[in-house]
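Here are the chains, one letter per residue:
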Amino acid sequence: MDKNRVVIILSGLALMLFVFNIGSCVSAHNQSSARKKEMFQRMELEEKSGKLALENANTAGKLKELQKQLEQEATANLETKKILAQEQLMNNSLKEDLQKLNKAKETLEEELRKQLAFNKKAKK
């Protein structure tokens, strides 16, 4: 019976070691799977990060270009405003000249009417 007892104990011990071995293998597989998932996620995040950095660089370039264009447009706008102010001054000056000429014309027409009226009286 001692021999059977030793066999039973050894069998139980072997069974326990087998169960522990299976548990260890399952645990190792789970850890490996988790590590692979984490590596995959990190790789995806690195790719996204790289794409975002590239987009950021492109956007920064576009922003600089747009800022240059804005500055050029602002300069052109100032030039246009200066020209407009000069044109308005010339326009006002021309209006004043036109008013003076209209007054002179009216004065001359009035004198002409008076002269015509005087000539008509003188003929009679």
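Our structure is the block above this text.
My aim in this report is to walk through the structure given alongside it, one point at a time.

Conventions adopted
- Sequence order as written defines the numbering, with residues in each chain counted from 1.
- The model is predicted, so local features are restricted to residues of pLDDT at least 70 and side-chain atom pairs to those at 80 or more, both for listing and for counting; the totals for chains, interfaces and linings are taken over all residues.
- Side-chain measures here rest on the full set of heavy atoms in the structure, leaving out hydrogens and waters.
- For the purposes of this entry, the term helix denotes a DSSP run of H or I that reaches at least four residues, the term strand denotes a run of E that reaches at least two, and both are numbered from the N terminus.
- Just to be clear, the radius of gyration here is over C-alpha atoms, and the globule rule we use is 2.2 Å times residues to the power 0.38.
- Working definition: with a 1.4 Å probe on protein chains only, accessible area under 20% of the residue-type maximum means buried, over 50% means exposed, and in between means partly exposed.
- Areas reported here follow the Shrake-Rupley algorithm with a probe of radius 1.4 Å; residue values treat only the protein chains shown as occluding.
- Positive charge is attributed to Lys and Arg, negative charge to Asp and Glu, and no charge count is given to His or to the chain ends.
- Throughout, a charge is located at the NZ atom of Lys, the CZ atom of Arg, the CG atom of Asp or the CD atom of Glu.
- Each patch is built from salt-bridge-free residues with over 30% relative accessible area, joining like charges within 9 Å and nonpolar side chains (Val, Leu, Ile, Met, Phe, Trp, Tyr) within 5 Å.
- Any Lys or Arg side-chain nitrogen found within 4 Å of a carboxyl oxygen on Asp or Glu counts as a salt bridge.

1. Some points on the overall build of the chain
When helices and strands are counted, the chain shows 1 helix and 0 strands. For 124 residues, the compact-globule estimate of 2.2 N^0.38 gives 14 Å, and the chain exceeds it by more than 25% at 52 Å. Overall, the C-alpha framework of the chain stretches about 175 × 25 × 10 Å when taken along its three principal axes. Buried residues in the chain amount to 0% of all 124 residues. As displayed, the chain has an accessible area near 12300 Å², and 61% of this comes from carbon and sulfur atoms. Between the mean site of the 23 positive side-chain charges and the mean site of the 17 negative ones, the chain shows a separation of 4 Å.

2. Remarks on a nonpolar patch on the surface
On the surface, Val6, Leu10, Leu13, Met16, Leu17 and Phe20 cluster together into a nonpolar patch covering about 620 Å² of accessible area. Mapping Leu13 onto the fold places it in helix 1 (residues 2-123).

3. Things to note about the pattern of salt bridges
Oppositely charged side chains may form a pair once their charged atoms are brought near each other. On inspection of all chains with the given rule, the structure shows 3 salt bridges. One salt bridge in this structure joins Arg42 and Glu38, with 2.6 Å as the shortest N-O distance. Within this pair, Arg42 and its partner Glu38 are both found in helix 1, separated by 4 residues, close to a single helical turn. On the basis of relative accessibility, which here comes to 53%, the residue Arg42 falls in the exposed class. Taking the shortest distance from any N to any O, the salt bridge between Glu109 and Arg113 comes out at 4.0 Å. A residue pair is termed a helical-turn pair when its members lie 3 or 4 positions apart in one helix, as Glu109 and Arg113 do in helix 1 at 4 residues. Here the residues in one salt-bridge network are Glu109, Glu110 and Arg113, joined through shared partners.

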